Amino acid sequence: MNETLTLVLALGSGILLGGIFFGGLWWTVKKVVLAARPALWLIGSMFLRTGIVLGGFFVFARDSWESVLMCLLGFIIARIIVTRLTLASGTPAFSGQEASHAP
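Every value quoted in this text rests on a predicted model; they were computed, and no experiment measured them. Counting restarts for each chain: residues are numbered from 1 in the order of the written sequence. In keeping with the predicted nature of the model, local features appear solely for residues at pLDDT of at least 70, side-chain atom pairs appear and are counted solely at 80 or more, and the whole-chain, interface and lining totals rest on all residues. Hydrogens are left out, water is left out, and the side-chain values use all remaining heavy atoms of the structure.

Draft legend 1. Layout of the nonpolar core. Counting residues in hydrophobic clusters, the biggest one holds 10 residues: A10, L17, F21, F22, V53, F57, F60, C71, F75 and V82. Put simply, DSSP H or I for four residues or longer makes a helix, DSSP E for two residues or longer makes a strand, and each gets a number counted from the N terminus. Elements with a minimum of two residues in this core: α1 (3-32), α2 (38-61) and α3 (65-88). With 4 residues, α1 is the largest single contributor of residues to this core. In what follows, residue pairs with any heavy atoms lying within 4.5 Å of each other are defined as contacts. In this structure L17 touches I52, V53, G56, F57, C71 and F75, once residues within four positions along its chain are discounted. The nonpolar core is taken to be a set of buried Ala, Val, Leu, Ile, Met, Phe, Trp, Tyr and Cys residues, with the residues joined through side-chain atoms within 4.5 Å. For each residue, the accessible area found with a 1.4 Å probe, counting protein chains only, is set against the maximum for its type, and the residue is called buried under 20%, exposed over 50%, and partly exposed in between.

Draft legend 2. Focus on a nonpolar patch on the surface. A surface patch of nonpolar side chains, amounting to about 510 Å² of accessible area, comprises W65, L69, L72, I76 and I80. Summarising the element assignment, L72 is placed in helix α3. In this scheme, patches are assembled from residues that exceed 30% relative accessible area and form no salt bridge. Like charges are connected within 9 Å, while nonpolar side chains (Val, Leu, Ile, Met, Phe, Trp, Tyr) are connected within 5 Å. Methods summary: accessible areas were calculated by the Shrake-Rupley approach with a probe of 1.4 Å, and residue burial reflects only the protein chains presented. By convention in these notes, a salt bridge is any Lys or Arg side-chain nitrogen within 4 Å of a carboxyl oxygen on Asp or Glu.

Draft legend 3. Geometry of the environment of G56. Positionally, G56 belongs in helix α2. Here G56 falls in the buried class, since its relative accessible area comes to 14%.

Keep in mind these numbers describe shape, not what the thing actually does.
See the structure below:
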């Protein structure tokens, strides 16, 4: 396969993996506010998101270090995109009730 095509594919995959990771984190934070068992949501989400990202990076680690670097760059780009989209949406992450368990 052409090296340039491989690097573009790695960049796109990094953006996809980052979107899944940071979009899933945003979704989890929104859900955990009203959840009956917030720790279960947070831990389960962390393991699922991390497993997906590590698996994706493992696939690109076989090619070359340049592919891994491009995948990481895409991951960072996705972080910036998801952060801006969630801030621009106008809906705060904590739009539910306040927690009543704090003294």
